Each structure stands twice: as structure tokens, then as C-alpha cells.
Amino acid sequence: MNAVIQKIGVYLPETVLTNDALAREFEDWNSEKVEKRAGIRERHVAGENETALDLAEKACRDVLRDEDPESVDFVILCTQSPEYYLPTGACILQDRLGLSVRTGALDISLGCSGFVYGLALAKSFMASDTADRVLLVTSDVMTRHLHPRDRANRTIFGDGAAATLVGRSDREGILNFSLGTDGSGFRNLIVPNGGMRHRYDPDAPDIADGFGGTRTDNHLYMNGPEIFNFTIDAVPKTVADVLEKNEMTLEDVDYVIFHQANKYMVEYLRKKIGIPHEKFYLNMLYTGNTVSATIPIGLNDVMKQGIVKPGDTVLVSGFGVGYSWGATIIKI
Amino acid sequence: MKKTEFYDLLMDTLEIESVDAVDESTDLTDLEEYDSLAVLSLIAMIDEHFSKRIPGTDFQKITTVQSLMDMIGAGSFES
Amino acid sequence: MNGACIRKIEVCLPRKVLDNVELESIYEGWSAEKIEKKTGIRSRHVAGAHETAVDLAYGAAKRLLDSLESRERNSVDFLLLCTQSPDYYLPPGSCMLQDRLGLPHSTGALDYNLGCSGFIYGLAMARGLIRSGTASSVLLITSETYTRHIHAMDRSNRTIFGDAAAATLVCASESDCILEFALGTDGSGYQNLIVPAGGLRKRYNPMAGTAEDPPGSLRTENDLYMNGPEVFNFTIEAVPEVIRQCMEKNRSALDQMDYVIFHQANKYMLNHLRKKMDIPEEKYYMHMLDVGNTVSATIPIALKDSLERGLVRPGNQVLLVGFGVGYSWGATVVKIKD
């Protein structure tokens with residue numbers, strides 16, 4: 001009946017984009033300052049022919065290395081850089097990984113809140129006996145949505161994939177959720193062209209972003225200030241809500257992992273909510289913001305380093321594009 | 001908040017090193033420190049010290065320190 | 001309150017209609033009657049130039065919400081949107097719908113990508129979210145504008161597919177009316193029903209050249225390609241097997257089902273499957289006369305129609321089966337609430 005996170009696999013593309021390389025590309029771009037404020041020294045960038053599905057496959061192979069692929073009976077692929085409109089990426093993944101044809105598979109389209117929603121679905125499938133072992137894959141190649149001259153977003157975003165195995169357990173491993181949506185902000189983090197609303201347009205004109213950067217409507221537009229405003233409001237509320245739903249206080253939580261948006265934003269949220277430094281994850285130095293993969297990458301990191309130990313409770317929260325947000329509490 | 005305090009706060013928030021001091025006539029967009037991340041630090045500073053929220057697109061209208069103070073609200077400052 | 005039940009279904013069809021007479025005038029050597037006889041389709045609805053899957057989804061969801069009493073309307077706390085014709089890569093359409101429908105910020109929302117199996121998977125998610133206590137009332141919307149993916153001169157696909165959205169309200173209830181699921185996937189057939197360009201594997205290319213494939217139909221790499229025979233082969237294998245699994249999981253048998261609704265792919269395929277599975281005609285839904293194949297919306301459209309026409313009655317057990325693109329398939333049994 002209960003669901004628990006069993007294992008996490010991660011894959012980062014081989015190509016690394018360093019601050020020094022960005023500094024060579026962009027004038028007045030200070031590599032040390034960026035590291036200090038954004039908290040990022042380098043980010044991984046998918047190769048020209050490497051898609052989110054390719055990264056997803058590699059992260060899955062990592063997590064399934066010593067596992068029986070037949071034990072997986074559901075695949076959820078969370079991405080905003082889909083292979084095709086149709087078919088579904090998760091179906092292709094089933095075949096590439098050699099999973100049983102009795103595996104359920106679907107893609108979900110969510111950004112930075114995707115991992116939390118994915119956990120909610122995985123837990124739900126177990127609660128309803130629809131699945132026994134869910135492979136939750138969060139994979140994005142956000143850099144594919146970025147204009148080469150968009151220095152602000154190229155600084156922040158990196159590509160990456162995480163594959164999380166969620167299985168059954170006698171004990172509760174994934175507690176109650178707080179989820180939310182505010183679509184009134186949908187225009188503040190958007191790729192305007194490429195879907196059915198407006199087709200991808202190879203001739204789309206350049207647009208200046210006001211900070212020396214350039215994009216077109218085929219590329220990601222992020223209204224950074226508005227997104228920050230939204231997170232300042234939404235994240236403290238969702239943290240309070242998830243604690244209430246689980247009848248806990250912040251003191252009962254051993255560790256907190258937020259979506260690693262950028263150091264400045266995440267650190268500000270920590271202070272505002274009053275989370276002690278030593279209980280708080282802040283590390284995007286070598287990955288940047290990998291969208292829905294940041295939380296499992298962080299979780300994997302702290303479990304491997306022994307920063308969180310078996311039995312610990314970890315509060316995770318994702319927030320961003322949509323707007324969409326969510327939080328839950330995990331027992332390791 | 002006293003305006004002079006606010007100028008110091010700005011120096012601090014934006015980690016300004018390219019000039020020795022700012023006042024109401026300083027054009028923020030001329031400062032090399034003023035970039036997209038600097039705007040985030042302004043939002044954090046305004047939230048922390050003034051408990052106010054300024055619509056994201058309004059930040060594009062900011063030029064001088066005075067224009068920033070106008071946006072926060074003249075009532076928040078004393079000379 | 002750990003059970004989940006289908007409470008209500010509403011449908012939104014685009015205003016624009018493409019009938020066989022119009023198709024006849026486009027395609028030389030075709031007669032409107034022949035098309036209807038062969039496909040069981042007389043007309044289909046086609047989204048307007050500025051009408052997207054989110055717009056249709058809004059239409060269906062709004063109609064459904066407006067028909068509810070305020071207590072029930074206010075209880076909606078999760079929104080699922082199934083589509084393969086999304087408005088944007090990002091943000092998700094379900095988030096835009098939360099705002100357009102005026103649902104509270106505490107609503108969970110996500111988009112998922114599936115085709116003809118989408119409604120079945122959506123029911124599985126809705127039931128799971130309710131069972132796990134994550135949600136109490138789920139608005140499941142399946143909305144598709146496949147005609148956007150079809151070349152103007154692709155006469156076989158233009159004949160078959162139509163656009164539509166269905167909104168289904170799944171609520172927590174004392175008794176369980178959505179029973180066990182059998183789900184499956186075989187990605188080895190992914191190239192047999194595909195829009196090759198438009199995602200990030202290959203960008204949409206306005207200059208893409210046309211090819212004649214299958215004979216008599218034109219398409220570019222931006223358009224839907226369906227290997228009809230291969231998809232049919234897959235269906236003949238997968239559908240009987242998933243029904244067997246579903247009956248096993250529900251400790252039931254096909255002849256105990258009061259009614260059967262398959263994804264309304266096309267008349268020929270449906271006839272063949274019915275005969276192969278020995279399902280009596282009077283227990284078998286087959287009706288796509290004025291909608292065509294609306295992908296993930298066919299099953300809720302059919303279920304609503306069956307309820308309204310009294311083909312299924314309170315207390316009935318109805319087998320639902322979806323199958324197609326991916327390949328992906330799923331089956332479940334729903335009990336009609338007394």
C-alpha cells in the first residue's frame with residue numbers, strides 16, 4: 001500500500017559549458033560573479049542529436065543496472081522537450097529499456113514541479129494497485145529552447161535526467177502532498193512557438209531582452225522578476241501547507257530540498273521561511289538549473305554523501321513554469 | 001527608511017563596486033552590476049525591507065534610483 | 001470514501017464540420033455514400049484555424065462545471081489534460097485551464113501525452129489520486145486536434161479523424177465504480193503512428209517536401225503518418241490479450257459485461273474485433289457517424305452517448321478498452337452508479 005523511493009539514477013550529458021567559456025562568448029560577463037550569485041560554475045549541455053529521451057534512457061540504465069527490468073510495471077516520463085507530438089516518449093523508452101509489454105507508460109508535461117507531481121502519481125498508482133514499481137523519469141534539454149545569445153538563461157539552465165525507482169513498502173515513504181497551480185502566470189515562463197498555438201517559425205525575428213540578451217519566439221522567455229515574485233508568495237505557503245497536511249513542523253523535518261532554480265532565489269526562500277542552513281540543500285555548481293531533474297539529483301547527492309540517512313524525513317518542493325508548484329515529505 | 005540608508009542598502013544589495021556611491025540620480029542601468037540577477041536581488045530587498053511586491057514587467061521601466069524609489073512608493077522614504 | 005466513480009461527462013465539438021460531400025469534391029473518384037459505408041463516418045468536426053486543444057478542453061470543462069451545483073463544482077481539486085496537440089512545449093495547458101476555468105490555486109494540474117489509450121490511463125490516474133488521498137474530485141479532460149497534424153491531401157486520415165474534447169468528472173465515493181486496470185505498452189511500434197517532425201527530435205519544417213504515402217495520400221514529415229495495416233496487426237494481438245488480463249484482474253469474464261466500449265478507431269477494425277472476441281452486437285458500441293475517430297475523446301463521447309440513449313443503465317458493468325499510438329493500450333471496467 002505504501003510507496004517508497006528505492007533508488008535514483010542520474011545522467012548528465014558529456015558536453016560541459018563552463019563560466020569561463022561563457023565569459024569568452026559574452027563581453028562584460030564576469031565568471032566569478034556569476035558563480036557567487038547564481039551558484040553555478042558549469043552546466044551540462046545535450047549534444048546536437050541528443051534529446052531528452054536519450055538522456056532519460058541513460059538515467060534509467062543507471063538506476064536499473066542491478067535491477068530486474070521485469071520488476072518495473074509503470075514508466076512516467078516528465079519532460080517539456082518531447083521527442084514528438086506523438087507517439088509518447090515513455091512508450092519508446094519501454095522498448096529501448098526492454099521492459100515488459102505489460103508496463104504502463106505515459107509522459108507528463110510539467111517543469112520544475114514535475115518531480116513532486118510524478119511522486120504523487122507514483123504513489124497513487126500504488127495506492128490503487130495499478131502498479132508495484134514505478135520508474136519516474138524527469139528529463140529535460142532546456143538548452144534546446146534557449147537562444148544562443150540569451151546569456152541570462154544560458155547561464156542558469158543545464159540539461160540533465162534523473163530516474164527514480166518508486167516501489168512498495170510496509171512503511172510510509174512518501175507522505176501527503178500539497179499541490180497547486182496558477183495559470184494566470186502562464187506567459188511568464190514560456191516558449192511561445194512550437195506547439196499548436198503558434199508553429200515553430202524558422203524566420204522568427206530577434207527580440208532584445210533588455211539586459212543585452214536576445215531571443216526569438218521560438219525560444220524560452222522567462223520573466224525572471226515575475227517568477228521570483230511568484231515563488232516568494234507560493235513557496236512559503238506550500239511549505240506551510242505540506243507541514244500542516246502531515247501534522248508536522250519544520251523542526252520535525254531533517255532536511256529540505258527545493259527545486260534548484262538559482263542560488264539567489266533558493267537562498268532567499270530559505271531565509272524567508274526560516275530553514276537552518278545545515279538542513280538545507282543548495283548545490284547547482286556543476287549542473288545549473290536542470291528543471292524537473294534538480295530535486296532527484298539533489299536527493300541522490302545527499303543520500304550518497306550520507307547527509308541524509310535512512311529514517312530521515314526530507315521535505316521537497318518544486319515550483320515554476322505554469323505556474324505550478326508542489327511539496328511533499330519523503331521518509332528515507 | 002531614510003534615503004541615505006536606502007542608498008547604502010542598494011550598494012550592498014547590488015554589490016556595487018564600479019562606483020563609490022549612489023544617489024537618487026544614479027542610473028542603475030548604467031552600472032555594470034545591473035543585470036537580470038541584480039533585479040532578483042532588488043525583489044528580495046524590497047520584499048524584506050518594504051514587504052512589497054512590484055510587478056515583474058515594471059522593472060523594465062526602472063532607470064534611476066529615484067524611479068526605483070517611486071515604484072516602491074514615496075511614502076516609504078524620508079529625507 | 002476510497003472509491004472513485006465517474007460522475008458526469010460533457011463534450012465539446014468544434015463548430016466547423018467536414019462532411020463526406022465536401023471530401024467527395026476534394027477527392028476524385030470518391031462518393032460520399034461509399035465513404036460512409038466503408039468508414040461508418042458521415043461527418044467530422046474540425047478545429048478552426050485559431051482553435052486549439054486547450055480551447056476545446058475549456059469548452060467541455062466549462063460546460064461540465066456549469067452543470068454542477070456549487071458544492072460539487074467547488075470540490076474539484078485536480079485537473080488532468082490528455083493531449084498530443086499541445087498549445088505550447090511549455091507551459092502545460094492544464095495550468096492555463098485552471099486559470100480560465102477559475103479553479104482555486106490549490107488545484108493540482110498536469111498534462112499528459114497519450115493517444116487512443118489516454119482516457120483509460122486518465123481514469124487510472126484519477127482513481128489513484130483519489131485512493132491515495134491526494135485528490136477528491138478530478139476533472140479529466142481528453143482533448144485532441146489531430147486534424148492539425150494531417151495534410152490537406154491525406155485523404156485516408158482526413159476521412160477518419162475528427163477533433164473533439166471530453167471532460168469527465170471523477171469523484172470520490174463510498175463504493176468503487178472504477179475497477180481494476182490492465183495496461184500495456186509496446187514502443188517497438190512507435191514509428192507506425194507518428195508525426196515525425198515538430199518535437200525536439202526534428203523541428204517542424206515549413207519547407208518540408210511532400211511525399212505520396214500511402215498511395216493516393218500526400219503528407220510531409222510535419223504530418224501524421226499511419227501505417228494502417230501494421231496498426232491493425234497490433235490491435236488484433238493487443239486487444240484480446242488486454243481484455244483477458246483485465247477480466248482476470250477483475251475476476252470476471254467478458255460475457256458478464258453488460259456493455260463494451262472500444263476506442264472508436266474505425267468501423268472496419270471495430271467490426272473485426274467484435275467478431276474475433278465474440279461480443280454480441282447489442283452489447284457493443286459502434287458509432288462514429290458524426291464525429292469520426294477523435295483519439296482520446298472517443299470513449300467518453302461513446303460512454304456519454306450510451307448513457308443518454310439508455311444503452312447502459314445504472315448498475316451495469318461496462319468494459320472500456322483504448323489502444324493505439326505508442327503503441328499503448330489499456331482496459332478497465334466501470335460500474336454505472338445507481
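Residues numbered from 1 in each chain as written. Chains lettered and ligands numbered in written order. Predicted model: local features only at pLDDT ≥ 70, side-chain atom pairs only at ≥ 80, totals over all residues. Heavy atoms only, no water.

Moving on to the overall build of chain B. Per the secondary structure count, chain B includes three helices and zero strands. Sequence-ordered secondary structure for chain B, helices as α and strands as β, is α-α-α. The C-alpha radius of gyration computed for chain B amounts to 11 Å, which stays within 12% of the reference 12 Å derived for 79 residues, consistent with globular compactness. Taking the principal axes of its C-alpha atoms as reference, chain B extends roughly 30 × 30 × 20 Å. By the burial criterion, 49% of the 79 residues in chain B qualify as buried. Each charge class in chain B was averaged separately, 5 positive and 18 negative side chains, and the resulting centres sit 12 Å apart. (Helix = DSSP H or I, 4+ residues; strand = E, 2+ residues; numbered from the N terminus. Rg over C-alpha atoms; globule rule 2.2 N^0.38 Å. Buried < 20%, exposed > 50% of the residue type's maximum accessible area, 1.4 Å probe, protein only. Lys, Arg positive; Asp, Glu negative; His and termini not counted. Charge placed at Lys NZ, Arg CZ, Asp CG, Glu CD.)

To continue, consider the nonpolar core. By size, the foremost hydrophobic cluster in this structure holds 109 residues, and its most contacted members are Leu135 and Phe258 of chain A together with Phe6 of chain B. With 10 residues, helix α2 (residues 36-50) of chain B is the single largest residue contributor to this core. For phenylalanine 258 of chain A, the contacting residues outside a window of four places in its chain are Val235, Val239, Val266, Leu269, Ile273, Ile275, Phe280, Ile295, Leu315, Ser317 and Phe319 of chain A. Counting 73 residues, the second largest nonpolar core, distinct from the first, contains Val134 and Ile295 of chain A together with Leu123 and Val318 of chain C. (Core = buried A, V, L, I, M, F, W, Y, C linked by side-chain atoms within 4.5 Å. Contact = heavy atoms within 4.5 Å.)

Okay, the interface of chain B and chain A next. If you look at the interface, chain B gives 21 residues, while chain A gives 18 residues. Between chain B and chain A, a total of about 1,800 Å² is buried, with carbon and sulfur atoms accounting for 56% of that surface. Considering only the side of chain B, the residues that lose the most area to chain A are Leu37, Leu40 and Arg53 of chain B, jointly responsible for 32% of the buried surface there. At the junction of chain B with chain A, the criterion picks out four salt bridges. Close ionic contact of arginine 53 of chain B with aspartate 233 of chain A constitutes a salt bridge, the shortest N to O distance being 2.4 Å. The interface formed by chain B and chain A contains eight residue pairs in polar contact (both at pLDDT 80 or more). (Buried area = accessible area lost by both parts, 1.4 Å probe. Salt bridge = Lys/Arg side-chain N within 4 Å of Asp/Glu carboxyl O. Polar contact = N/O pair within 3.5 Å; in protein donor to acceptor, adjacent residues only side chain to side chain.)

So, about the state of the cysteines. All names here are of chain C. Scanning the model with the defined rule gives one disulfide over all chains in all. Through a disulfide, cysteine 5 is tied to cysteine 177; the S-S separation comes to 1.8 Å. Taking the sign of the S-S torsion, 45° for the link of cysteine 5 and cysteine 177, the bridge is right-handed. A residue pair is termed long-range when its members are at least 10 positions apart, and cysteine 5 in strand β1 (residues 3-12) and cysteine 177 in the loop between β7 (164-173) and β8 (178-185) qualify at 172 residues. (Disulfide = S-S within 2.5 Å.)

Considering all chains together, one arrives at 38 salt bridges over all chains under this definition. The salt bridge partner of aspartate 35 of chain B is arginine 37 of chain A, with a shortest N-O separation of 2.9 Å. Remark: arginine 37 of chain A occurs in helix α2 (residues 31-38) and aspartate 35 of chain B occurs in the loop between α1 (3-13) and α2; the pair is interchain, linking two chains. A residue is classified by how much of its surface remains accessible, and aspartate 35 of chain B, at 21% relative accessible area, is partly exposed. The class for arginine 37 of chain A is buried, based on a relative accessible area of 9%. Glutamate 221 of chain C is the salt-bridge partner of lysine 202 of chain C, the closest N and O atoms lying 2.9 Å from each other. On the criterion of sequence distance, the pair formed by lysine 202 of chain C in the loop between β9 (193-194) and β10 (211-212) and glutamate 221 of chain C in the loop between β11 (218-219) and β12 (225-226) is long-range, its members being 19 residues apart. Members of the salt-bridge network, linked through shared partners, are Asp54, Glu57, Arg61, Glu83 and Arg96 of chain A together with Arg201 of chain C.

To summarise the sheet geometry, strands pair through backbone hydrogen bonds and adopt either a parallel or an antiparallel arrangement. Residue and element names in this part refer to chain C. Strand order in this open sheet of four strands is β8-β15-β14-β13, and the pairing throughout is mixed. The sheet terminates laterally at β8 and β13 (259-262), the two strands that pair on one side only. The average undirected angle you get between the axes of adjacent strands in this sheet is 10°. With eight bridges connecting them, strand β14 (residues 317-324) and strand β15 (residues 328-335) associate as antiparallel partners. From the neighbouring strand, valine 321 faces β15, where its bridge partner is alanine 331. (Pairing = 2+ DSSP bridges. Axes fitted to C-alpha atoms, helices over the stretch in contact; angles between N-to-C directions.)

This part covers the domain arrangement of chain A. Residue and element names in this part refer to chain A. For chain A, the domain assignment lists domain 1 (2-172) and domain 2 (176-331). Relative placement of domain 1 and domain 2: their C-alpha centres are 15 Å apart. In this assembly, 50 residues from domain 1 lie in contact with 55 residues from domain 2. Taken together, the two surfaces of domain 1 and domain 2 that pack against each other cover about 4,100 Å², and 64% of this comes from carbon and sulfur. It is Cys112, Val116 and His147 in domain 1 that bury the most area against domain 2; as a group they hold 16% of the surface buried on that side. Across the contact surface, domain 1 and domain 2 share zero salt bridges. (Domains from an automatic or database assignment.)

Residues and elements named next belong to chain B. The end-to-end C-alpha separation of α2 is 21 Å, in line with the 21 Å expected for 15 residues at 1.5 Å each. Counting buried residues in α2 gives 12 out of 15 residues, a clear majority hidden from the surface. Within α2, the full set of buried residues consists of Leu37, Ala38, Val39, Leu40, Ser41, Leu42, Ile43, Ala44, Met45, Ile46, Asp47 and Phe50. Where α2 begins, the capping side chain belongs to aspartate 35, and its oxygen is found 2.9 Å from the backbone nitrogen of alanine 38. Count one or two residues on from α2 and you reach serine 51, which has phi positive near 50°. (Expected span 1.5 Å × (residues − 1).)

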